[in-house]
Amino acid sequence: MSELIDLADPFRGSDVAQLPTPSPLTASWASPNPAIGNTHPGPCHPFGMVSVAPFTGGYPSGYGPYAPGTGSSPVAELPAGTTTGFTHFHQSGTGRIGSYYNHLRVAPERRGVAHSGRRLTLADEEASPGRYRCRLVEADVTAELTVGPRAAFHRYTFPSGVGASVAIDLSAAGLAVEGLGEDVVAADAELLDDHHARGRIAAGGPPVHFFVECRSSGPVRSELWRADGVAPFGRGLRLAPGDPALGRSFGVRFLAEHADTASIEVRIGFSLRSADRAERNLAASSGRSFEALADDATRAWRHHLDAVRVDGGTARAQELLASALYRSFVKPCDCTGENPFAGDDGPVYFDLATLWSSYRTQLPLILSLFPERGTDLVTALLAVAEREGEFPISYLFDNRPERFGRQASTLAHVTIADALVRDLPGIDPERCLRLMAKSLRQGRAAELDVDRPVHPLSHTLDLAQAHRVTARLAEHLGDEELAAASARLAGSWAAAFEPDTGLLAPSEYFGGERWNYSFRLSPGLGERVEAVGGARRFATLLDRFFGFADRADTSISRFSGLNHHADLDAPYAYLWCGRHDRTAEIVRACLAERCAPGRGGMAGLDHSGALSSWVVWSSLGLFPVAGEDLLLVGSPSFDEAEIRLGDAELRIEAPGATDAPHVSSITLDGRPLDGPFLRWSDVAGGGTLRVEMSAEATGFGRRTTPDHLPPSAHDASGRALAAISKGTP
């Protein structure tokens, strides 16, 4: 079995897409987002609070030269391949999320040449999970970066005899793109001695506290500086809101006393609560060399990436899986003990930046592979709802969570349901039900009724799904009144669809049109197949959407092919009309033509790992139905795979998968499956799933009898509807 850490590429998705030549099918797909992953190659721990990366100033991570844009051609506003230093805390794969961090820019300088804020050319970049290295051409300095969960470590190697210094710009925040910078509105800094400093900055959110240690191959001295020279700050500064000094660059500098100083290390501990905590967060590195700390970071990634092992498949498929798995675990950020909005030390996670994407792919992956972390994530969501009165759908450091905008609503309900389906430890179902029910009774969620959908209509689907899982939990806990009320509202999805077209009615949709949202694995999918006239007509609609038919019809908003989140799960809707062959063709086309290794390997935004998690699931041949005890079997890419599910192990055998995309039969521990689906409870304890592959569509490829179809994703009875068997594709 291959160790994926050796194949994972942190650069993947950090530049404009460079994808294989599309086939006529994929060439017809849509690209509402710029064709770039919006990722960065800088090191971080798995789900770590701190990242560090070259700062070019580009949107949205601070790495890359791009400004926000739409369509397939991102707009470069900054010089490509340059940096003004190395910043901390970065978004990963988002769009215009509203908060871009990039705090404390660190820049190496040669004596007499202040490079902080000036552009240097990046050369010889190298990155692996937990490490980054490059050469800054004009300064002739080698920069190396690694991290701990709450700290960042910089090492700069200078040429002999030039004089060395490192500046930490405390005024830096946000992006260099016009309108996306963040002003530092308050700052404190204190030089403790020539090797240590501490302080805090506030910019667009809670203060970020820091504790800095400088190590050097020769003696150094420290100073506070400002853009117009060494400022009259002495050994400390305190800049309150409105201070004119906040309008210029300022910070801490460490200067080598001798010109032959070869290297300077800067180590920074961070906290969202106090400088004392930042010092404690850095103390874990005490007595450790840079190499030892980098090895620690690599070891952490090895443990996480070892949750999946594969054999067979192409080298390209293995590299793609490894890089996607890496990106799936970058976010959200575990800030346990660092909650700036509450005094407790319970679990807290930030940068749940795109819950409208991650609830379908990334969060089910995390909850499946790492149950303890899943418990912490759900506990953190419950704490937010108790503290702030509502569940978030986006949660960043700035504590400006979106509640009910164009995107989504009540998606935390589905993640909580996933946790309960997986029987994660330490989650109180009664606490969950109380908060879930409360959120559905307030705000615009309370406007929903069976015959009165909420606009944008994507919200109606979200709310119906939330009521579905709430009804199920209420029934389990014996609250018959709540179960009945939510079960009734779970059927509200029907009012959002047009019976004559089988599509969602016209509304305002984000990042797509009604076609993109109409085929989600959302409430009543089985009933919808029946409502539009059976499997044949439903498959016809899907064929038009994906471009198998009417490819020249420009009135259709087509499948985005991993460019956007709205239709992430749509390829698997074919299973409800017995066309597994179509699912297999689309999944394989996405992996072959809409993904690639390397910097240009993503067709759109990665959405904090949601698109990468789609690649992981689909490469392994499984796909979760969010909030349900249901896993779909797709088209595995590898002859063998081993998946660590907490303490259990699921083995997937699909001999010949490389050249045979279709599925003819499936067994679980030797027991034949009726169709290409199984229960999470069937595999939670491990087992062997054997998928017989074929070059042509046979067996499960085209079956429409009820027993061979998945149950309606949100049918309370959990049974396939006999009426789905109407018609044969």
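If you're wondering where the values come from, they're calculated on a predicted model, not measured in any experiment.

### Some points on the overall build of the protein chain
Then, number 1: For the protein chain, the count of helices and strands is 17 helices and 29 strands.
Then, number 2: Its C-alpha atoms give the protein chain a radius of gyration of 26 Å, within 12% of the compact-globule value 27 Å for 729 residues.
Then, number 3: Projected onto its principal axes, the C-alpha coordinates of the protein chain cover approximately 85 × 55 × 50 Å.
Then, number 4: Taking all contacts inside the protein chain whose residues are at least 6 apart in sequence as the whole, residues at least 24 apart take part in 72%.
Then, number 5: Across the protein chain, the mean location of the 70 positive side-chain charges is 2 Å away from that of the 90 negative side-chain charges.

### Details of the sheet that holds strand E24 (residues 640-645)
Then, number 1: The sheet built from 6 strands is open, its strands ordered E19-E24-E25-E29-E26-E27 with mixed pairing. Each of the sheet's edge strands pairs with one partner strand only, and the pair in question is strand E19 (308-311) and strand E27 (671-672).
Then, number 2: Summarising the sheet, strand E26 (residues 662-668) and E27 pair through 2 bridges and their orientation is antiparallel. By the bridge assignment, Leu668 is partnered in E27 with Arg671.

### Focus on the state of the cysteines
Then, number 1: With the rule as written, the count across this model stands at 0 disulfides.
Then, number 2: The thiol of Cys214 is not disulfide-bonded; the next cysteine sulfur, from Cys134, is found 18 Å away.
Then, number 3: With no disulfide of its own, Cys590 lies closest to Cys595 among cysteine sulfurs, the gap being 6.8 Å.
Then, number 4: Take Cys590: its relative accessible area is 0%, and that puts it in the buried class.

### Topic: the nonpolar core
Proteins that are soluble and globular tend to have nonpolar side chains buried together.
Then, number 1: By size, the foremost hydrophobic cluster in this structure holds 198 residues, and its most contacted members are Phe270, Phe519, Trp614, Leu632 and Leu689.
Then, number 2: Formed by 11 residues, the second largest nonpolar core is a distinct cluster that contains Ala505, Tyr509, Tyr517 and Ala566.

### Quick notes on the sheet that holds strand E28 (residues 677-678)
Then, number 1: Read across the open sheet, the 3 strands follow the order E22-E23-E28; overall the sheet is antiparallel. Every interior strand has two partners, whereas the edge strands, strand E22 (622-624) and E28, have only one.
Then, number 2: Contacting E22 and strand E23 (631-633), helix H16 (residues 610-620) crosses the sheet at an angle of about 130 degrees to E22.

### A word on a negative patch on the surface
Then, number 1: Where like charges cluster on the molecular surface, the negative patch consists of Glu475, Asp479, Glu480 and Glu481.
Then, number 2: One can find Glu480 in helix H11 (residues 480-490).
Then, number 3: What makes Glu480 exposed here is its relative accessible area of 66%.

### Here we look at the packing of aromatic side chains
Then, number 1: On inspection of all chains with the given rule, the structure shows 23 aromatic pairs.
Then, number 2: When the ring of Phe548 is compared with that of Tyr574, the centres are 6.4 Å apart and the planes differ by 80 degrees; the resulting orientation is edge-to-face. Here Phe548 is found in the loop between helix H14 (535-546) and helix H15 (580-593), whereas its partner Tyr574 is found in the loop between H14 and H15, with 26 residues between them in sequence.
Then, number 3: With a relative accessible area of 22%, Phe548 lands in the partly exposed category.
Then, number 4: Its guanidinium or amino end placed over the ring of Trp680, Arg422 lies 4.6 Å from that ring's centre, counting from NZ or CZ.
Then, number 5: Sitting above the plane of the Phe548 ring, Arg582 keeps its charged end 3.9 Å from the centroid.

What counts and what doesn't
Residues numbered from 1 in each chain as written. Predicted model: local features only at pLDDT ≥ 70, side-chain atom pairs only at ≥ 80, totals over all residues. Heavy atoms only, no water. Helix = DSSP H or I, 4+ residues; strand = E, 2+ residues; numbered from the N terminus. Rg over C-alpha atoms; globule rule 2.2 N^0.38 Å. Contact = heavy atoms within 4.5 Å. Lys, Arg positive; Asp, Glu negative; His and termini not counted. Charge placed at Lys NZ, Arg CZ, Asp CG, Glu CD. Pairing = 2+ DSSP bridges. Disulfide = S-S within 2.5 Å. Buried < 20%, exposed > 50% of the residue type's maximum accessible area, 1.4 Å probe, protein only. Core = buried A, V, L, I, M, F, W, Y, C linked by side-chain atoms within 4.5 Å. Axes fitted to C-alpha atoms, helices over the stretch in contact; angles between N-to-C directions. Patch = residues over 30% accessible without salt bridge, like charges linked within 9 Å, V, L, I, M, F, W, Y side chains within 5 Å. Areas by Shrake-Rupley, 256 points an atom, 1.4 Å probe, with all protein chains shown as cover. Salt bridge = Lys/Arg side-chain N within 4 Å of Asp/Glu carboxyl O. Phe/Tyr/Trp six-rings, centres within 6.5 Å; stacked < 30°, edge-to-face > 60°. Lys NZ or Arg CZ within 6 Å of the ring centre and 35° of its normal.

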